[in-house]
Amino acid sequence: MIHLADVQLFIRVSELGNISAAGRALGLSAAAASAAIKRLEQRVDSQLFERSTRSLRLTQAGENFLAYCSQSQQLLEEGLAALREGREQLSGDIHLGAPSDLGRGRLDALLETFRLRHPQVRLVMHLSDSLTDLYRHPVDLVLRYGLSADSSLIGRKLADNCRVLVAAPDYLARHGTPATFEELAGCNCICFYRNGELFDRWSLFHQGQQKEIAVRGDRAADDGALVRQWAVQGHGIAYKSRLDVEDDLAAGRLVELFPDARGEASPLYVAYPSRRYQPARITVLLGYLEEAFRGGRPAAP
């Protein structure tokens, strides 16, 4: 059997390059530390260090073994952290990325119950309609409409969703309601930049046919919340995620055009980096989001 204390000493010796110094750091005498390293070498049947009167360095076998020892120590520390979090109140920061319109509206209200349940957790919101690189930016979870082909991320679908054509009653009263999808080409359409490209070709699936039309208008933005605001203010027709405008439709601030047609699918996912261990606060928030969005509409906060 390999003793954990011997493994910890081995890691420390590899860091310090000196058995006596590593022993002192762990409260061992030079003789005890030297004996422990010899005991470990006997147990693994390999020489782990090349020794001379002036230097100490890892052998090839030692370097290989060190990689496994470091991983084992990291897993042990993660396991201990998980046990502590299971006994203690959730705490710490969660960096959550989301599309701007969803984040400012529905998601912010939905998360209020989570904040009340876990007051020691600080939710840090990162709102952007551009794709967030979870490896370059300090984001733990990100909500996305649609899931990219990035295989290094794990994605869970939170809700089915699609785009809908909407306009304010005031706009329709002034300019008329388009009778056909093709008439959108002559309407003032509020366009959106999606990942840096102008999204100005809108599609609908109706009566077994996919129709696509090129649109234009007097304004465009790379912020979905601003596009929604312009639509509510009566400046034009927008092609928005249904999740973003459901409350506006219910309140009559917006009207859905061509309700018997189906817009572009845009399911909502939560994505996160592939990791063996997630802090309890992240796991709990994941479960909360899945429950809140179950059935395609978030539960009331």
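Values in this document were obtained by computation on a predicted structure and should not be read as measured data.

1. Re the pattern of salt bridges
1) Next: This structure, assessed with the given rule, holds 22 salt bridges.
2) Next: For glutamate 112, the salt bridge goes to arginine 115, with nearest N and O atoms at 3.0 Å. Linking glutamate 112 with arginine 115, this pair stays in helix α6 (residues 112-117), spanning 3 residues, or about one helical turn.
3) Next: The class for arginine 115 is partly exposed, based on a relative accessible area of 23%.
4) Next: Between arginine 253 and aspartate 248 there is a salt bridge, with the nearest N and O atoms lying 2.7 Å from each other.
5) Next: Note on arginine 253: relative accessible area 38%, which makes it partly exposed.
6) Next: The exposure class of aspartate 248 is buried, given its relative accessible area of 1%.
7) Next: In the salt-bridge network here, residues are joined through shared partners; they are Asp101, Lys240 and Asp244.

2. Brief notes about the environment of leucine 56
1) Next: Positionally, leucine 56 belongs in strand β2 (residues 56-58).
2) Next: Taking C-alpha positions, leucine 56 is 9.0 Å from valine 13, a pair spaced 43 residues apart along the chain.
3) Next: In this structure, leucine 56 is in contact with Val13, Gly17, Asn18, Ile19, Phe49, Glu50 and Arg51, ignoring residues within four places of it in sequence.

Quick notes on the rules
Residues numbered from 1 in each chain as written. Predicted model: local features only at pLDDT ≥ 70, side-chain atom pairs only at ≥ 80, totals over all residues. Heavy atoms only, no water. Salt bridge = Lys/Arg side-chain N within 4 Å of Asp/Glu carboxyl O. Helix = DSSP H or I, 4+ residues; strand = E, 2+ residues; numbered from the N terminus. Buried < 20%, exposed > 50% of the residue type's maximum accessible area, 1.4 Å probe, protein only. Contact = heavy atoms within 4.5 Å.

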